[in-house]
Amino acid sequence: MKLGMVGLPNVGKSTLFNALSGGGAQSANYPFCTIDPNVGIVSVPDSRLDDLARIYNPKKVTPAVLEFVDIAGLVKGASKGEGLGNKFLSNIREVDAVIHVVRCFEDSNIVHVDGSIDPIRDIETINLELIFSDIEILQRRIEKIKKQSKADKSLLSQIDLLEALLGWLEDGKSARGFETHSEDDRLFLDSLELLSRKPVIYAANLSEKDYENGLKTHPGLQKVIEFSSSENAAVFPICAKIEEDLSEMSFEDRKLFLEDLGLEESGLSRIIKTSYKLLGLISYLTAGEPEVRAWTIKKGTKAPQAAGKIHSDFEKGFIRAEVVSFDDFIKCGSMAASKEKGLVRLEGKNYVMQDGDIVLFRFNV
């Protein structure tokens, strides 16, 4: 899973990215490594792996991973080449979801590009740039399909769909809120990789004081929450400065600091959970002495396709899956004990994987 972090200049986006990259997750078992100056991969915290590692004592523990991309601050006119323009837009096309960092804090020492703090105005500035870029893509696509439809009349329905979406975008509305009437239409629009169709988490960046005093009455945050409901986006209150402080602490000090704030986990862990929920992701587990590992899949994935995450041969030659739930396995303490109690199930090609399934795939190629 790849998440792109976007926002106007001076909203705290890079501070948050650097804090996440410096702090890693809640344990040394989940390191963060920087690939290049603006991309980092962080391991997804999953206590189930620790439990399985204590039972199997494996040579290797491999968590699921999440990639963060810190995309340079966007400015008005990016769709026309202002600022980094097209470079920004090409970077964001590659991500699965967008973390849009929105400034909700006042600080006279940090100048806002528009001279004042207004979260909704800032959101709309970036959203409009994405919409303008999508309009250009749709216009080119419609012209192309119109030419092709002269020889293939079945393409006319695509033109109707794209023209309806184009009108939606020209009204200043993100493609996220555009409803499709069939699975084929949805898949077709997904294939276009429209920027304003990407799932979004609005990260409302608050001051330390506001964050510590409670969030329910913060006017800027409430405005962001109200705005997000119109386009099925998630909202995530955070304080980049606090995350920066956490990133410089030891694991023990970090835990105490979070307790003082009334928090159970860091912003990184909460971002990961919010992202998984937004994208409809779950993890299944494989376990043995060589390796204990988590594998990320979409909710609704069937057993053969889940097996294909490990190796394409597993999917091609799929025979069955031996499955036990994590909770049942932990209660029994071993796979052998789970089998003795009849808790290990033999599942076929139509089995829909569940979060926390511990699986052994049988295949033959």
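Residues numbered from 1 in each chain as written. Predicted model: local features only at pLDDT ≥ 70, side-chain atom pairs only at ≥ 80, totals over all residues. Heavy atoms only, no water.

> Got a minute to help me understand the packing of aromatic side chains in this structure?
Scanning the entire structure with this criterion turns up seven aromatic pairs. Both rings, one in Tyr202 and one in Phe227, keep their centres 6.1 Å apart while their planes meet at 75°; by these two values the pair is edge-to-face. Linking Tyr202 in strand S7 (residues 200-205) with Phe227 in helix H8 (residues 219-228), this pair joins segments that are 25 residues apart in sequence. Just as Tyr202 is buried, Phe227 falls in that class too. With a centroid separation of 5.8 Å and 90° between ring planes, the pair formed by Tyr284 and Phe361 is classed as edge-to-face. Remark: Phe361 occurs in strand S13 (residues 357-363) and Tyr284 occurs in strand S9 (residues 281-287); sequence separation between them is 77 residues. (Phe/Tyr/Trp six-rings, centres within 6.5 Å; stacked < 30°, edge-to-face > 60°. Helix = DSSP H or I, 4+ residues; strand = E, 2+ residues; numbered from the N terminus. Buried < 20%, exposed > 50% of the residue type's maximum accessible area, 1.4 Å probe, protein only.)

> Would you take a moment to explain the nonpolar core for this structure?
As a rule of thumb, nonpolar side chains are buried together in soluble globular proteins. Counting 65 residues, the largest nonpolar core has Met5, Leu52, Phe68, Ile92, Ile99, Tyr202 and Ile271 as its most contacted members. Setting aside anything within four residues of it in sequence, one finds Ile99 in contact with Leu3, Gly4, Met5, Val6, Phe68, Ile201, Ala203 and Ile271. (Core = buried A, V, L, I, M, F, W, Y, C linked by side-chain atoms within 4.5 Å. Contact = heavy atoms within 4.5 Å.)

> What should I look at first to understand the packing of helix H4 (residues 119-149) against helix H5 (residues 156-170) in this one?
With their axes 10 Å apart at the nearest point, H4 and H5 run at an angle of 160° to one another. On the basis of the axis angle, H4 is roughly antiparallel to H5. Handedness of the crossing formed by H4 with H5: left-handed. Contacts between H4 and H5 pair Ile131, Asp134, Ile135, Leu138, Gln139, Arg141, Ile142, Ile145, Lys146 and Ser149 from the former with Leu156, Gln158, Ile159, Leu162, Glu163, Leu165, Leu166, Leu169 and Glu170 from the latter. When grouped by side-chain class, the residues that make up the contact of H4 with H5 number 11 nonpolar, three polar and five charged. (Axes fitted to C-alpha atoms, helices over the stretch in contact; angles between N-to-C directions. Parallel < 35°, antiparallel > 145°, perpendicular 65-115°, else oblique. Left-handed = near helix turned anticlockwise from the far one by under 90°. Nonpolar A, V, L, I, M, F, W, Y, C, P; charged D, E, K, R; others polar.)

> Just to check I follow, could you spell out the environment of Lys341 for this structure?
Looking at the secondary structure, you find Lys341 in the loop between helix H15 (335-340) and strand S12 (345-347). Remark: the alpha-carbon pair of Lys341 and Asp328, spanning 13 residues in sequence, is separated by 9.7 Å.

> Explain the environment of Ser325 here, please?
Mapped onto the fold, Ser325 is located in strand S11 (residues 318-325). Filtering out sequence-adjacent residues up to four positions away, Ser325 remains in contact with Arg345, Gly356 and Asp357. Only 3.1 Å separates the side chain of Ser325 from the side chain of Asp328, close enough to count as a polar contact. (Polar contact = N/O pair within 3.5 Å; in protein donor to acceptor, adjacent residues only side chain to side chain.)

> What is the right way to read the pairing of strand S3 (residues 39-43) from this model?
Consecutive residues of a regular strand have side chains that alternate between opposite faces of the sheet. Of all five residues in S3, four are buried, a share of seventy percent or more. Where S3 and strand S5 (residues 65-70) come together, five bridges link them in antiparallel fashion. Within the sheet, the bridge partner assigned to Gly40 lies in S5 and is Phe68. (Pairing = 2+ DSSP bridges.)

> In this structure, what is going on with the environment of Ser133? I would like to understand it.
Topologically, Ser133 is positioned in helix H4. Exposure remark for Ser133: the relative accessible area of 7% places this residue in the buried category. Along the chain, Ser133 and Leu194 lie 61 residues apart, while their C-alpha atoms are 8.4 Å from each other.

> What's the story with H5 in this structure? I'm lost.
Here H5 contains 15 residues, and its C-alpha end-to-end distance of 21 Å stays within 8% of the 21 Å for a straight helix at 1.5 Å per residue. Burial in H5 covers these residues: Ile159, Leu161, Leu162, Leu165, Leu166 and Leu169. An end-on view of H5 places all buried positions within 165° of arc, on one side of the element. Residues of H5 that are buried make contact with H4 and helix H6 (183-191). Gly172, located one to two residues past H5, shows a positive phi value of around 85°. (Expected span 1.5 Å × (residues − 1). Arc of directions from axis to C-beta.)

> So what exactly am I meant to see when it comes to the packing of H4 against H8 here?
The geometry of a pair of packed helices is captured by two quantities: the angle between their axes and the separation between those axes. At a closest axis distance of 9 Å, the pairing of H4 and H8 adopts a crossing angle of 40°. As summarised for this structure, H4 and H8 are arranged oblique, according to the angle between their axes. Every residue of H8 that contacts H4 at Pro119, Ile120, Ile123, Glu124 and Asn127 is listed here: Gly220, Lys223, Val224 and Phe227. Of the residues that constitute the contact of H4 with H8, the class distribution is five nonpolar, two polar and two charged.

> Hey, could you run me through the pattern of salt bridges in this one?
Opposite charge on two side chains permits them to pair, given that their charged atoms come into close proximity. The final tally for this structure, using the stated rule, is 18 salt bridges. For Asp122, the salt bridge is made with Arg121, and the minimal N-O distance between the two is 3.3 Å. Residue classification places Asp122 among the buried positions, given a relative accessible area of 3%. Residue Asp245 is joined to Lys241 by a salt bridge in which the shortest nitrogen-to-oxygen separation is 2.9 Å. Here Lys241 and Asp245 lie together in helix H9 (residues 240-247), a separation of four residues that amounts to about one turn. Residue classification places Lys241 among the partly exposed residues on the basis of a relative accessible area of 36%. One connected set of salt bridges, linked through shared partners, spans Glu183, Arg186, Asp190 and Arg197. (Salt bridge = Lys/Arg side-chain N within 4 Å of Asp/Glu carboxyl O.)

> Please explain the side chain of Asp357 as it appears in this structure.
In this structure, Asp357 sits in strand S13. Among buried Asp, Glu, Lys and Arg side chains, Asp357 stands out as unpaired, with Arg345 the closest opposite charge at 4.2 Å. Among the polar contacts made by the side chain of Asp357, one reaches the side chain of Tyr351 at a distance of 2.8 Å. There is a polar contact of 2.9 Å between the side chain of Asp357 and the backbone nitrogen of Gln354. (Lys, Arg positive; Asp, Glu negative; His and termini not counted.)

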